[in-house]
Amino acid sequence: MGRFLAFLTHAVEGAPLAAMAASFLWGVLSILLSPCHLASIPLIVGFIDEQGQISTRRAFVIALLFAVGILITIAAIGVITSLAGRMLGDIGRYGNYLIAVIFFVMGLYLIGIIPLPISGHREVSMERKGAIAAFILGLVFGIALGPCTFAYMAPILGVAVKFARSYGALLLLAYGVGHCTVIVLAGTFTEAVEHYLKWNERSHGAVILKRICGVLVILGGIYLILTAT
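Computed from a predicted model, the values in this text were never measured in an experiment. (Residues numbered from 1 in each chain as written. Predicted model: local features only at pLDDT ≥ 70, side-chain atom pairs only at ≥ 80, totals over all residues. Heavy atoms only, no water.)

The subject of this paragraph is the overall build of the chain. Across its full length, the chain holds 10 helices and zero strands. Taken from N to C terminus, the helices and strands of the chain fall in the order α-α-α-α-α-α-α-α-α-α. Within the chain, the proportion of its 229 residues that are buried is 48%. Considering only contacts within the chain whose residues lie at least 6 apart along the sequence, 76% involve residues at least 24 apart. Roughly 11400 Å² of accessible area belongs to the chain as shown, and the carbon and sulfur atoms make up 72% of that amount. (Helix = DSSP H or I, 4+ residues; strand = E, 2+ residues; numbered from the N terminus. Buried < 20%, exposed > 50% of the residue type's maximum accessible area, 1.4 Å probe, protein only. Contact = heavy atoms within 4.5 Å. Areas by Shrake-Rupley, 256 points an atom, 1.4 Å probe, with all protein chains shown as cover.)

This next bit is on helix 1 (residues 2-12). Of all the positions in helix 1, only Leu-8, Ala-11 and Val-12 are classed as buried. Seen end-on, helix 1 carries its buried residues on one side only, within an arc spanning 100 degrees. For helix 1, the exposed residues set more than 90 degrees away from the buried face come down to Gly-2, Arg-3, Phe-7 and His-10. (Arc of directions from axis to C-beta.)

Position of Gly-69 among the secondary structure elements: in helix 5 (residues 56-83). Assessed through its relative accessible area of 0%, Gly-69 is described here as buried. Distance from Gly-69 to Val-140, taken between C-alpha atoms, is 7.9 Å for residues 71 residues apart in sequence.

Bringing the packing of helix 1 against helix 2 (residues 16-32) into the picture now. Axes are the key here: two packed helices are described by the angle between their axes and the distance separating the axes. Contact geometry of helix 1 with helix 2 gives a least axis separation of 7 Å together with a crossing angle of 135 degrees. When the axis of helix 1 is compared with that of helix 2, the two are oblique. Crossing geometry of helix 1 relative to helix 2 is assigned as left-handed. Across from Phe-4, Leu-5, Leu-8, Thr-9, Ala-11 and Val-12 in helix 1, the residues of helix 2 making contact are Ala-18, Ala-19, Ala-22, Ser-23, Leu-25, Trp-26 and Leu-29. (Axes fitted to C-alpha atoms, helices over the stretch in contact; angles between N-to-C directions. Parallel < 35°, antiparallel > 145°, perpendicular 65-115°, else oblique. Left-handed = near helix turned anticlockwise from the far one by under 90°.)

Summarising the element assignment, Ser-30 is placed in helix 2. Engagement of the side chain of Ser-30 in a polar contact is seen with the backbone oxygen of Gly-27, the distance being 2.6 Å. At 3.5 Å, the side chain of Ser-30 forms a polar contact with the side chain of Tyr-175. Sequence-distant contacts of Ser-30, defined by excluding residues within four places in its chain, comprise His-37, Tyr-152, Tyr-175 and His-179. (Polar contact = N/O pair within 3.5 Å; in protein donor to acceptor, adjacent residues only side chain to side chain.)

For the rest of this paragraph, the subject is helix 4 (residues 40-50). Helical periodicity: at 3.6 residues per turn, an α-helix aligns residues three or four positions apart in one direction. Burial within helix 4 is extensive, with 11 of its 11 residues counted as buried. Three or more residues of helix 4 are buried, namely Ser-40, Ile-41, Pro-42, Leu-43, Ile-44, Val-45, Gly-46, Phe-47, Ile-48, Asp-49 and Glu-50. Note on helix 4: the residue one or two positions beyond its end, Gly-52, has a positive phi of about 85 degrees.

Ile-44, Phe-66 and Ile-183 are the most contacted members of the largest nonpolar core, which has 35 residues in total. Breaking this core down by element, the ones donating at least two residues are helix 2, helix 4, helix 5, helix 6 (92-111), helix 7 (124-144), helix 9 (165-197) and helix 10 (204-226). It is helix 5 that provides the largest number of residues to this core, a total of seven residues. Among all residues touching Ile-44, those that are not within four sequence positions of it are Ile-62, Ala-63, Phe-66 and Ile-183. Among the nonpolar cores identified, the runner-up in size contains 14 residues, and Leu-8, Ala-19, Leu-29 and Tyr-175 belong to it. (Core = buried A, V, L, I, M, F, W, Y, C linked by side-chain atoms within 4.5 Å.)

Below, the structure written as structure tokens:
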């Protein structure tokens, strides 16, 4: 794996097409290799499952809004922390504690211990509410991912500053697309499987899935606390 990561780092500095592909893969790996990023998978899976019987297209939209919310916050944190003279994405230990609390609340919600008004399966207006809630959840979740994200984005940022802004922006966009792709596929694929199995929000399998996701999200919160510096 170390050799593969070194290869990707070198590829980012190569020809444009190879650099774009490497940036995309860096975005994918930023989800798969990072414990704090992996928490986004059970979070969006559980959230979409809680929406009840929705179309695969709507699941795609909700997952996409969640992922876009994450990227917007990460970009904002990068600008703010750099202007403040801190390491890119460093929100400090108290920022981690705050996000961990949000993780715990979302985890307990998915398990079914506490209620939250973010379900979107009862009426049309609530469907819109579910999409908005997914976007807001992504914005909040992005705060926790700052330090993790910029650690994986470092090779792309290092190359981006050496070239024209337009080329650097394309590399960062490719990274963002790779980052979003994993989240969107996880949310969309889960809903597609539930349609195939004919699950609804009250099905035994769906309830178990949500509870597993809730536990994983809580574990993500514990990880944030343990790694807070």
